[in-house]
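So the chains spell out like this:
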Amino acid sequence: MSEDRRLEVLRAIVEDYVATQEPVGSRVLTERHRLGVSPATIRNDMAALEDAGLIAQPHTSAGRIPTDKGYRLFVDRLAEVRPLSSPQKRAIETFLSQGVDLDDVMGRAGRLIAQLTGQVAVVQYPSLRRSGLRHLELVPVGADRLLVVVITDTGRVEQRFLEVPADADIDDGVLAELRTRLNAAAAGKRLVDLPESFAQVATQVAPALGPLARRVAATVVDTLDEQNEERIVLAGTANLARATMRFEQGLQPVLEALEEQVVLLGLLTEMALEPGVGPVTVRIGHEVGLEGLVEASVVTSGYGTSSDDGDAVAFLGSIGPTRMDYPGTIAAVRAVARYLSRVLPS
């Protein structure tokens, strides 16, 4: 019973500190929470929590604040995530479904997370490496250029220009045949598997079409270049200026960390792919592993479903101080991920 009571005391300290940003003392706990024990017992429990490294005293005569270890235990022992209200859920689905294209939907998802949490939102575009091909289009642009359009099953569109020798004599009928063969070869395959399939097409078409088929295949491979194919949306960075987002180290390290988008993307992916985690993953303080975010927590979730293995096609998340509303942030991230999966093309 004493361990359960101490967990309740820890929960009360976390909730009060998140709400007030002030160290929490035993008198405050006695007045605000019905813990069913005397103030002396609460002080003993606080001493035990401090000895365990779950809370700390920032300075003499102050109350106690949770440590990263304390937040971790709080998150791990959450009995339930506070659900969003039905109007909130309807508003999320309606707002996302009104997106006119993929860019708009990604921007709306970021703004939703930022508004719901009051923190910084990070949303990854659907990964080309985890997407399938819905359609490949070859559009002649002048006498010596083709526009290669890759449309994924998640609604992402990539376009590349391809130079064609002027003497290649590529007419509409030839393009139609090549387009048909390439789309048939790509059916049911992820984009990363297309080069091999397209290479087979190049050996099956008429000799005059082989070079063009190989060049189209090479162009598609270029769209998968690791430096270019991954994109993210950041929203809510202005929230960092709010008083409730105070960081002891200041804002500069946090802003510098947010500018490293490749690093952020790697963090989201690494978190979402951790073995044994649920639909939402939380890293707290030093667990984040980035110097600029040692006073921050990151809450992430995957969204969408890959056409072949059922894994998420991309990830999104919320970044805020370790002193964040964990139940509310987890609920918001989970809800936006769920509804984003619904509105994306399937």
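Residues numbered from 1 in each chain as written. Predicted model: local features only at pLDDT ≥ 70, side-chain atom pairs only at ≥ 80, totals over all residues. Heavy atoms only, no water.

- Going by an unreviewed UniProt entry, the protein carries the name Heat-inducible transcription repressor HrcA and comes from Xylanimonas protaetiae.
- The UniProt entry for the protein carries the following comment under Sequence similarities (unreviewed entry): "Belongs to the HrcA family."
- Entered under Function (unreviewed entry) in the UniProt record, the comment concerning the protein runs "Negative regulator of class I heat shock genes (grpE-dnaK-dnaJ and groELS operons). Prevents heat-shock induction of these operons." (UniProt positions renumbered as here; feature names shortened; annotations may be inferred.)

### Quick look at the overall build of the protein
Okay, so step 1: Helix and strand counts for the protein come out as 12 helices and 10 strands.
Okay, so step 2: By the compact-globule yardstick of 20 Å for 346 residues, the protein is too spread out, its C-alpha radius of gyration being 26 Å.
Okay, so step 3: Considered along the principal axes of its C-alpha atoms, the protein spans approximately 90 × 35 × 35 Å.
Okay, so step 4: Among the 346 residues that make up the protein, the fraction classed as buried is 47%.
Okay, so step 5: Taking as baseline every contact in the protein between residues at least 6 positions apart, the subset at least 24 positions apart corresponds to 61%. (Helix = DSSP H or I, 4+ residues; strand = E, 2+ residues; numbered from the N terminus. Rg over C-alpha atoms; globule rule 2.2 N^0.38 Å. Buried < 20%, exposed > 50% of the residue type's maximum accessible area, 1.4 Å probe, protein only. Contact = heavy atoms within 4.5 Å.)

### Some details on helix α3 (residues 39-51)
Okay, so step 1: Look at α3: 18 Å from first C-alpha to last across 13 residues, which is about the 18 Å you get at 1.5 Å a residue.
Okay, so step 2: Of all the positions in α3, only I42, D45, M46 and L49 are classed as buried. Each buried residue of α3 sits inside an arc of 100 degrees when the element is viewed along its axis, so together they form one side. Relative to its buried face, α3 has exposed residues pointing more than 90 degrees away, namely N44 and D51.
Okay, so step 3: If you follow the buried residues of α3, they end up packed against α1 (2-20), α2 (26-32) and β1 (55-56). (Expected span 1.5 Å × (residues − 1). Arc of directions from axis to C-beta.)

### Some points on unusual backbone geometry
Okay, so step 1: Positive phi, close to 60 degrees, is recorded for Q21, a residue that is not glycine.
Okay, so step 2: If you trace the backbone, Q21 turns up in the loop between α1 and α2.

### A word on the UniProt feature "domain: HTH deoR-type" (unreviewed entry) in the protein
Okay, so step 1: In the numbering used here, UniProt assigns the feature "domain: HTH deoR-type" (unreviewed entry) to residues 34-62.
Okay, so step 2: Between the C-alpha atoms that bound residues 34-62 the distance is 22 Å, and the span itself is 45% helix and 7% strand.

### Some details on the domain arrangement of the protein
Okay, so step 1: As far as domains go, the protein holds domain 1 (3-77), domain 2 (86-126 + 231-343) and domain 3 (129-227).
Okay, so step 2: A straight line from the C-alpha centre of domain 1 to that of domain 2 covers 28 Å.
Okay, so step 3: If you look at the interface, domain 1 gives 8 residues, while domain 2 gives 16 residues.
Okay, so step 4: Between domain 1 and domain 2 lies a buried interface of about 1,000 Å² when both sides are counted; carbon and sulfur atoms form 57% of it.
Okay, so step 5: Contact with domain 2 buries surface across domain 1, with Q21, D68 and R72 losing the most and accounting together for 51% of the total.
Okay, so step 6: Scanning the region where domain 1 abuts domain 2 turns up 1 salt bridge.
Okay, so step 7: We note a salt bridge from R72 to E287, for which the minimum N-O separation is 2.7 Å.
Okay, so step 8: Run the count over domain 1 and domain 2 and you get 3 residue pairs in polar contact (both at pLDDT 80 or more). (Domains from an automatic or database assignment. Buried area = accessible area lost by both parts, 1.4 Å probe. Salt bridge = Lys/Arg side-chain N within 4 Å of Asp/Glu carboxyl O. Polar contact = N/O pair within 3.5 Å; in protein donor to acceptor, adjacent residues only side chain to side chain.)

### Let's talk about the side chain of T281
Okay, so step 1: In this fold, T281 is placed in strand β8 (residues 280-284).
Okay, so step 2: Judged by its relative accessible area of 5%, T281 falls in the buried class.
Okay, so step 3: A distance of 3.4 Å separates the side chain of T281 from the backbone oxygen of M271, its partner in a polar contact.
Okay, so step 4: Once residues lying within four places of it in the same chain are set aside, the contact partners of T281 are M271, A272, E274, V298, V299 and T300.

### Focus: the packing of aromatic side chains
Okay, so step 1: Taken as a whole, this structure holds 2 aromatic pairs when the rule is applied.
Okay, so step 2: Ring centres of Y71 and Y326 lie 5.6 Å apart, and the angle between their planes is 45 degrees; this geometry places the pair in the tilted category. Pair noted here: Y71 is in helix α4 (residues 68-76) and Y326 is in helix α12 (residues 326-343), with a separation of 255 residues, a long-range link.
Okay, so step 3: By relative accessible area, which is 2% here, Y71 ends up buried.
Okay, so step 4: On the accessibility criterion, Y326 (0% relative accessible area) is buried.
Okay, so step 5: Members of the aromatic cluster, joined through ring pairs, are Y71, F74 and Y326.
Okay, so step 6: Taking NZ or CZ as reference, R145 lies 4.2 Å from the ring centre of F161, over its face.
Okay, so step 7: R231 extends its terminal NZ or CZ atom over the ring of Y125, reaching a point 4.1 Å from the ring centre. (Phe/Tyr/Trp six-rings, centres within 6.5 Å; stacked < 30°, edge-to-face > 60°. Lys NZ or Arg CZ within 6 Å of the ring centre and 35° of its normal.)

### Details of the pattern of salt bridges
Opposite charge on two side chains lets them pair, provided their charged atoms get close.
Okay, so step 1: Going through the model one piece at a time under the given rule, you end up with 16 salt bridges.
Okay, so step 2: One salt bridge connects R32 with D16, and the closest N-O pair in it is separated by 3.5 Å. In this pair, R32 is assigned in helix α2 and D16 in helix α1, connecting sequence segments 16 residues apart.
Okay, so step 3: D16 sits in the buried class, given a relative accessible area of 8%.
Okay, so step 4: Across the salt bridge formed by R181 and E177, the nearest N and O atoms sit 3.3 Å from each other. Of the two residues, R181 and E177 are both situated in helix α7 (residues 172-186); the distance of 4 residues between them amounts to about one turn of the helix.

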